[in-house]
Each structure stands twice: as C-alpha cells, then as structure tokens.
Number of protein chains: 2
Amino acid sequence: MPARTPLDANAILAATEEILRRHGPDKATVVDVARTLGVSHAAVYKHFPSKQALREAVTRRWLDRSRDALAVIAADSAVPPAQRLRTWLHAVLAGKQAKIREDPELFAAYAILAAAHSGVATDHVTDLLGQLTAIVADGAADGSLPTDDAQATARVVFNATAKFHHLGHAAEWQNPGIVTELDEVCTLLLQGLHAPTSP
Amino acid sequence: MPARTPLDANAILAATEEILRRHGPDKATVVDVARTLGVSHAAVYKHFPSKQALREAVTRRWLDRSRDALAVIAADSAVPPAQRLRTWLHAVLAGKQAKIREDPELFAAYAILAAAHSGVATDHVTDLLGQLTAIVADGAADGSLPTDDAQATARVVFNATAKFHHLGHAAEWQNPGIVTELDEVCTLLLQGLHAPTSP
C-alpha cells in the first residue's frame, strides 16, 4: 500500500520485536503494539489480523535476518567450497547459540512455531538447505566436492549435522565440547565427500 | 535378599510395566502395584521407596532389554565391522520406532526421564556408545575401519546420526523417508572412515 503515514508493516514488526524482547510473548498482542506505536488497533489489524499472524511475521523477520547473514558466507566464492561448508555449519551453530543467549524470548517464540510445524519454521529449514546446496554445487562445479546431485548431498550433510542445528538439541548447544564435536563431524563428512578437509 | 515369597524386585517391575502399559503412568503408583500383586504397600516400598524410584527402575529394565538385543548385533563377529555398524544403527532406529508404536506409555516415561537428565537416560546412551565403540574397535583391529581411537570415532559417528536416535527427533521417525536418510548418512560416514560401504 502507498505509505501515507510511517505505519507500515515493518514499523509494526520492529515494535512487536522490541515488546517481545522486553516483556515476553504474552505482552506482544495487537493492543500492546498499537499502544506502543500510538495508533488504533484497527491500524495494526489491517496488516496483521491476529496475534498469531503478528507472532509468525515477527519470527519470520527475525529468522530471515540470520538467513541473510548466513547467505553471505554461503556465497563467498573466495573461500573454497569444502572450507566454506565447514565455516557455514559453524556459523549456523554460532548463530543459534547467540540467539538463545541474546534473544531468549524470540528463540522461544521460534521453538513454539517449530513444534507446531508452522510454515515459518519449515521455510527457514528450506532456506538453510538451499544455501548448503549452493555451497555443494560450487564444490561439484570445481571438482572439490564430487557429486552429481548437490541437493541430495546437501540433504545428507544437513541430516548428519542435525545435532548442531535442530531445535531438539538446543539444550546441548551450551555444552563446552559442542564446537569441537561439530568440527569432528565436519571432518568425517568432508572425508566421506572426498573433499579436502583443511584449507 | 533371599526370596521367601515370589515377591522380588523383578515381579514388582513386571507388574508395574504391565500397569503402565494398560493404564498409563498416572496409575503406576506403589499403591496400584501392591493392589495388583495382592501384597501390602510396605512390601513394595521395601524395594522401591517412591513412585519415582519405581518409574526409573521399570524404564531402566525396559531400556536394558533393547540394549541387550542391540548388543547381540554389535558383537556378531560373523558380520564385517563396517556392515555391522550400518546394521546396528538401523536396528537402533527400528527399535525406537517399534517402542513408540507398541509401547507409547513406556516411551513417554523414558522421554520424561531423558528430559530431566535422569541417570536412566544417560546410562542408556553410554551403553549404546559402548556398543558402537566395540564395533569400531573390531574394524580398527581388522583394518576395515582405520582409526587409532575407536571411542572418539564412535562418538563422532553417534553425533552424526543423532537424528536417528536422539529423542528430540522422535516425531521425525515416522516420516516415510527416514530409513533411506539413515542409510545415506551411513554411506557417507563409512566413506569418511575409508571403510567398505557395502558388504
């Protein structure tokens, strides 16, 4: 819609995210958000018809920011694909560890949506798998990650690293050995892919 | 203790397991078990001082039965170690799928204990890791799974297959593609271990 006032969807989501972060998910209702922005409920409802829609949108926006940060790593053709695959997997884990530490309220909202098989969570996984596929495809192209099906290979690598990105393991991400464990798994997988295991 | 009556710990646990299975965890109290066995509460309390102790013991006994079945596979020296590793990982998954399907009440009791980091759950993981280590050690001995640290290698394989044995993934074990996914991961890991990937 043409923005005649500063109240666009993004402003609503930024306010919702801030409320979530400060006061927890129970306070992030349409009424709370409208009050914070000094607008009518109707103005917010026009963009987000329910608290659920608002929560999904704010979580999606939050996840999309991590996705975009990871996309930069996935697309960095200056880094050889095998090394890039390892760096990217470490960045996925580091990003989730940081989210739990710094954004526990938004992480909790994400975990709830994931448990409910919300499209927000499945889309995020699809996005990550797409990035991993792009890295493997780069390796297939230059011969460093030999495969004739980059997508299938990426899926195997993603499945074999579930401990380091699947929400069911969130409690384990604070274990002191977790980064070493991921690195060991990466080395074994890269060996399996007949790829160089170090730069 | 010398059994002057048929009421030993095993009889209590068998009755508790049956009650759990038929009526769910809420009915598996010391009182219910004593009533089923036709003995006094005190007779049961002598072996298990609380409902929690009873639940832990019955879950441990149930898990130990799967552990023992898997131990037969792990120790089957007629099967080459690489193939045995793959067969064992498939048996772990198949066992968990069967448990969810056939013993949902006991599986739920196990999931609760695991979430609470009960020794029952961590001991079970230690037992499984020990079996996997024994398979890898057999492969190290005959040169088919080259490694100078069987325990470390087993841990990496266990971490890389978390999707197929960690309770956080239980919902995914009913997906139609899950067995194929495990097989693909096994193949990649065996390649990484420089092991034969088929019999």
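Because the structure is a prediction, the values reported are computed rather than measured.

What counts, and at which threshold
Residues numbered from 1 in each chain as written. Chains lettered and ligands numbered in written order. Predicted model: local features only at pLDDT ≥ 70, side-chain atom pairs only at ≥ 80, totals over all residues. Heavy atoms only, no water. Helix = DSSP H or I, 4+ residues; strand = E, 2+ residues; numbered from the N terminus. Contact = heavy atoms within 4.5 Å. Areas by Shrake-Rupley, 256 points an atom, 1.4 Å probe, with all protein chains shown as cover. Lys, Arg positive; Asp, Glu negative; His and termini not counted. Charge placed at Lys NZ, Arg CZ, Asp CG, Glu CD. Core = buried A, V, L, I, M, F, W, Y, C linked by side-chain atoms within 4.5 Å. Buried < 20%, exposed > 50% of the residue type's maximum accessible area, 1.4 Å probe, protein only. UniProt positions renumbered as here; feature names shortened; annotations may be inferred. Phe/Tyr/Trp six-rings, centres within 6.5 Å; stacked < 30°, edge-to-face > 60°. Least-squares fit on C-alpha atoms with pLDDT ≥ 70 in both.

1. A few points about the overall build of chain A
Across its full length, chain A holds nine helices and zero strands. Along the first, second and third principal axes, the C-alpha set of chain A runs to 60 × 40 × 25 Å. Long-range pairs, those at least 24 residues apart, make up 65% of the contacts in chain A between residues at least 6 apart in sequence. Accessible surface, chain A: about 9300 Å² in total, of which carbon and sulfur atoms supply 56%. Positive and negative side-chain charges of chain A, numbering 19 and 22 respectively, have mean locations separated by a distance of 9 Å.

2. Quick word on the nonpolar core
Counting residues in each nonpolar core, the largest one holds 112 residues, and the members touching the most others are Leu85(A), Trp88(A), Val157(A), Leu85(B), Trp88(B) and Val157(B). Not counting residues up to four positions away in its chain, the partners in contact with Leu85(B) are Leu132(B), Ile135(B), Val136(B), Leu145(B), Val157(B) and Leu190(B).

3. Quick word on the UniProt feature "DNA-binding region" (unreviewed entry) in chain A
UniProt feature "DNA-binding region" (unreviewed entry): in the numbering of this structure it lies at residues 29-48 of chain A. A distance of 11 Å separates the end C-alpha atoms of residues 29-48 of chain A, which is 65% helix and 0% strand.

4. Describing the side chain of Asp103(B)
All names here are of chain B. Mapped onto the elements of the fold, Asp103 is located in the loop between α5 (81-102) and α6 (104-115). For Asp103, a relative accessible area of 12% puts it in the buried group. Not counting chain neighbours up to four residues away, the residues in contact with Asp103 comprise Arg21, Trp62 and Ala98.

5. Some details on the packing of aromatic side chains
Enumeration over the complete set of coordinates arrives at six aromatic pairs over all chains. Between the aromatic rings of Trp62(B) and Tyr110(B), the centroid separation amounts to 6.4 Å while the plane-to-plane angle is 65°, which identifies the pairing as edge-to-face. One end of the pair, Trp62(B), is in helix α4 (residues 51-74); the other, Tyr110(B), is in helix α6, with 48 residues separating them in the sequence. Taking relative accessible area as the criterion, Tyr110(B) reaches 4% and is therefore assigned buried. Residues Phe107(B) and Tyr110(B) carry aromatic rings whose centres are separated by 6.1 Å and whose planes lie at 85° to one another, so their mutual orientation is edge-to-face. One end of the pair is Phe107(B) and the other is Tyr110(B), both in helix α6 and three residues apart, which spans about a single turn. By the burial criterion, Phe107(B) is buried, and Tyr110(B) matches it. Through pairs of rings, three or more aromatic residues link up here, namely Trp62(A), Phe107(A), Tyr110(A) and Trp173(A).

6. Here's the deal with the relation of the copies chain B and chain A
With an RMSD of 0.0 Å, chain B superimposes on chain A once it is rotated by 180° and translated 0.0 Å along the axis. Here the two chains are linked by the operation of a two-fold rotation axis. Across chain B, the rotation axis passes nearest the C-alpha of Gly192(B), at a separation of 1.7 Å. In this assembly, 100% of the residues forming the interface of chain B have copies in chain A that are likewise at the interface, indicating an isologous arrangement.

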